[in-house]
Amino acid sequence: MKTPLSRRQWTAAVLGAAAAYPQTPPAAQPAAAEDLGAVARQQVRRNSELLAKHAIPMATEPAFVFRP
Amino acid sequence: MANVDHEVFWLGIRELNAKLKSREFSAVELTRAACDRLEKLGPRYNALALPLREAALRKARGVDEDLRRERFRGPLQGVPYGAKDLLSVAGHPTTWGARPYAGQVFDIDATVVSKLDKAGAILVGKLAMVELAGGGGYRFPAASLTGPGLNPWNRGFWSGGSSSGSGSAVAAGLVTYALGSETSGSILTPSAFCGVTGLRPTYGLVSRHGAMALAWTMDKIGPMCRSADDCGLVLQAIAGKDGNDPGSAGKSFYYAPQFVRKFAELRIGFAPADFDERPAEAARPILRQALAVIRSLGMKTVDAELPDLPYGPVTGTIISAEGSAVFAALIESGKVDQLADQRQIAGLKAGLEISARDYLNAMRIRRLVQQAFAGMLVDIDVLIAPTRTGTASRIQDPLDGSRGGPAGTPPGARGLRDLIQAGNLAGLPALSLPCGFLDGLPLGISLVGRPFSENTLLAIGKEFQNRTDWHRRRPPA
């Protein structure tokens, strides 16, 4: 799917994109990365516990071939 | 240029197309004016990811030639639009709103872009988005390569996500309509926060080929417009079978709101708690008034309540597991650390730790959600609830309430709380309509229906907008 572009095409495209980049500085992110990692893993565990609490009938198959 | 009055940027698709056909101005003149406006004002809202002036003008010249020869291709012909930057446009950067992909270029057009091109629509720019559509769960509106999406009604507030630029650009009259995408709320939320009309189609109705994948079993692409009528016109153009999308439902969509059942025969389900308890107190009368307008259309209203299922954990587990699998190479290469939002980075990494059992159980409970809706929507044709219980948050405020939600159940009746997550899990269509303002910021209500019932939702939305003018309001210049 990816295509090689000429240097000129690439430069024009990327400069075009850069022209539209942020007008507002990103908000400060005070929390330490390691804390957020622990929070995210805890969220995975909490979701797991909440899923486990729900009794699922044995015959309920996963919605794999998903059709509404 | 002299012929193009700025009023045209607030016109609907049909009106704009009629002016082009009557030669009030040419497609080139309109496109040039639209590009000027988008390039000048888009950055004001951090809404513009990539201007596409040259390609748009080239397309417009072809449209003018077609119009001159009376080769009419439908109402979208010559009308400018923008596409969320997760849709590929051949030969131009597609950044997915994320720094690690800033130089990414594909050699294909996304199917939806290609379909709109065939309809004569003119793509004037790619619109900003939350990085990777927020797949890891982000903490700040600034989680984007283009900075936080700023709300045209008040730039101190967020435009919503993840289709931030699509919401802002339509609300500010920078494009006539835009394409957004929704995995769990990314069309409905910015539509409500920006005061535009957003349609989340039934899963599989619109091809995702050429779009960034976040969660294969949940991603949808849909229109964000100023009116329900415009959403119908755009949906007709972009819907349809696509062999390149394994999730394609193989169905077409013909916009025909005039042929839906009479409103008097429809039953609309709502929960009083959604209007009387959960919203901010000042928002309640506005939302109740919107419900009163819907009731005045003659539909029978009945009480409705979602069954007690863990919608948050199911949604969070599925999106995290699928999203982290999609971006496993990014995560494992370490380039994920280039993302703007630390929580997003942590969330993507943690998603790789989700067990097969949890993913499977989430998908099994998802089956129960589908079954619950199937049962509920036998007796009820459409569900209605506030899209969000309040207005947009301040731009610097953290978006706490992490994916998966709090462990405890909030007080009060369940009602249709979690309708965004539940409706997305079941793949149901939804339409968010602007319904008023609180402190100068828009509020929205949502209609949710059976699979492939878009015409019913659009018919109700169209009549609602015949009786109200919220969708015609313009943000301060």
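For the structure itself, look to the data block above.
Presented here is a report on the structure given in the accompanying data block. (Residues numbered from 1 in each chain as written. Chains lettered and ligands numbered in written order. Predicted model: local features only at pLDDT ≥ 70, side-chain atom pairs only at ≥ 80, totals over all residues. Heavy atoms only, no water.)

1. Remarks on the overall build of chain B
Next, step 1: For chain B, the helix and strand inventory stands at 15 helices and 13 strands.
Next, step 2: For 477 residues, the compact-globule estimate of 2.2 N^0.38 gives 23 Å, and chain B sits close to it at 21 Å.
Next, step 3: Projected onto its principal axes, the C-alpha coordinates of chain B cover approximately 60 × 60 × 45 Å.
Next, step 4: Burial analysis of chain B (477 residues in total) assigns 66% to the buried set. (Helix = DSSP H or I, 4+ residues; strand = E, 2+ residues; numbered from the N terminus. Rg over C-alpha atoms; globule rule 2.2 N^0.38 Å. Buried < 20%, exposed > 50% of the residue type's maximum accessible area, 1.4 Å probe, protein only.)

2. With respect to the side chain of Asp-85 of chain B
Residues and elements named next belong to chain B.
Next, step 1: Take Asp-85: it is sitting in the loop between strand 2 (80-84) and helix 4 (111-118).
Next, step 2: Of the polar contacts made by the side chain of Asp-85, one reaches the side chain of Thr-95; its length is 2.5 Å.
Next, step 3: Aside from chain neighbours lying at most four places away, what touches Asp-85 is Ala-49, Pro-93, Thr-94, Thr-95, Trp-96, Gly-97, Lys-126, Leu-127 and Met-129. (Polar contact = N/O pair within 3.5 Å; in protein donor to acceptor, adjacent residues only side chain to side chain. Contact = heavy atoms within 4.5 Å.)

3. Describing the nonpolar core
Residue and element names in this part refer to chain B.
Next, step 1: Counting residues in hydrophobic clusters, the biggest one holds 167 residues, and the most contacted among them are Leu-132, Tyr-177, Phe-373, Leu-383 and Leu-447.
Next, step 2: A total of nine residues in this core trace back to one element, the largest contributor, which is helix 13 (residues 356-379).
Next, step 3: Filtering out sequence-adjacent residues up to four positions away, Leu-132 remains in contact with Trp-96, Ala-98, Tyr-101, Met-212, Leu-214, Phe-327, Leu-330, Leu-339, Gln-344 and Leu-348. (Core = buried A, V, L, I, M, F, W, Y, C linked by side-chain atoms within 4.5 Å.)

4. A short note on the environment of Ala-172 of chain B
All names here are of chain B.
Next, step 1: Tracing the backbone shows Ala-172 in the loop between helix 5 (164-171) and strand 6 (177-182).
Next, step 2: Expressed as a C-alpha distance, the spacing of Ala-172 and Leu-443, which sit 271 residues apart in the sequence, is 16 Å.
Next, step 3: Every residue in contact with Ala-172, bar those within four places of it in the chain, is listed here: Trp-10, Arg-37, Tyr-45, Pro-152 and Pro-475.

5. Some points on empty space enclosed by the protein
All names here are of chain B.
Next, step 1: Per the stated rule, a full pass over the model turns up four cavities of 30 Å³ or more.
Next, step 2: Here the second largest cavity is characterised by a volume of approximately 60 Å³.
Next, step 3: If you go around the second largest cavity, the residues you meet are Leu-86, Ala-133, Ser-181, Thr-183, Arg-208, Ala-211, Met-212, Leu-214, Asp-219, Lys-220 and Ile-221.
Next, step 4: Along the lines of polarity and charge, the residues of the lining of the second largest cavity split into six nonpolar, two polar and three charged. (1 Å grid on protein atoms, 1.4 Å probe; cavity = no way out; pocket = protein on both sides within 12 Å on 5 of 7 lines; lining within 4 Å. Points joined across faces, edges and corners; volume = space filled by probe spheres on them. Nonpolar A, V, L, I, M, F, W, Y, C, P; charged D, E, K, R; others polar.)

6. Brief notes about the sheet that holds strand 2 of chain B
Residue and element names in this part refer to chain B.
Next, step 1: Across the sheet, which stays open at both edges, the 11 strands sit in the order 1-3-2-6-8-7-12-13-11-9-10 with mixed pairing between neighbours. The two strands at the open ends of the sheet, each matched to only one other strand, are strand 1 (48-51) and strand 10 (300-303). Strand-to-strand twist of the sheet, defined as the mean angle between neighbouring strand axes without regard to direction, takes the value 30°.
Next, step 2: Relative to strand 8 (residues 220-225), strand 6 runs antiparallel, the two sharing six bridges. Along strand 8, the bridge assignment pairs Ser-181 with Ile-221.
Next, step 3: Sheet contacts for helix 4: strand 2, strand 3 (122-127), strand 6 and strand 8; angle to strand 6, the most-contacted strand, approximately 160°.
Next, step 4: Of the strands in this sheet, strand 7 (197-200), strand 11 (382-386), strand 12 (430-438) and strand 13 (441-449) touch helix 15 (residues 454-467), which is tilted by about 25° from strand 12. (Pairing = 2+ DSSP bridges. Axes fitted to C-alpha atoms, helices over the stretch in contact; angles between N-to-C directions.)

7. Thoughts on the packing of aromatic side chains
All names here are of chain B.
Next, step 1: Counted according to the given criterion, the structure contains 10 aromatic pairs over all chains.
Next, step 2: Look at Trp-96 and Phe-327: their rings are 6.1 Å apart centre to centre, the planes differ by 70°, and that puts the pair in the edge-to-face class. Pair noted here: Trp-96 is in the loop between strand 2 and helix 4 and Phe-327 is in the loop between helix 10 (311-326) and helix 11 (328-333), with a separation of 231 residues, a long-range link. Assigned by exposure class, Trp-96 and Phe-327 land together as buried.
Next, step 3: Among the aromatic side chains, those forming a connected cluster through ring pairs are Trp-96, Tyr-101, Phe-106 and Phe-327.
Next, step 4: The ring of Phe-72 is capped by Lys-21, whose NZ or CZ atom sits 4.6 Å from the centre of that ring.
Next, step 5: Just above the ring of Phe-452 sits the side chain of Lys-251; from NZ or CZ to the centre is 4.9 Å. (Phe/Tyr/Trp six-rings, centres within 6.5 Å; stacked < 30°, edge-to-face > 60°. Lys NZ or Arg CZ within 6 Å of the ring centre and 35° of its normal.)

8. Points about helix 12 (residues 342-351) of chain B
Residues and elements named next belong to chain B.
Next, step 1: By the criterion of burial, helix 12 is predominantly enclosed, with eight of the 10 residues buried.
Next, step 2: Residues Arg-343, Gln-344, Ile-345, Ala-346, Gly-347, Leu-348, Ala-350 and Gly-351 constitute the buried set of helix 12.
Next, step 3: Backbone nitrogen of Arg-343 and a side-chain oxygen of the N-cap are separated by 3.0 Å at the start of helix 12; the cap is Asp-341.

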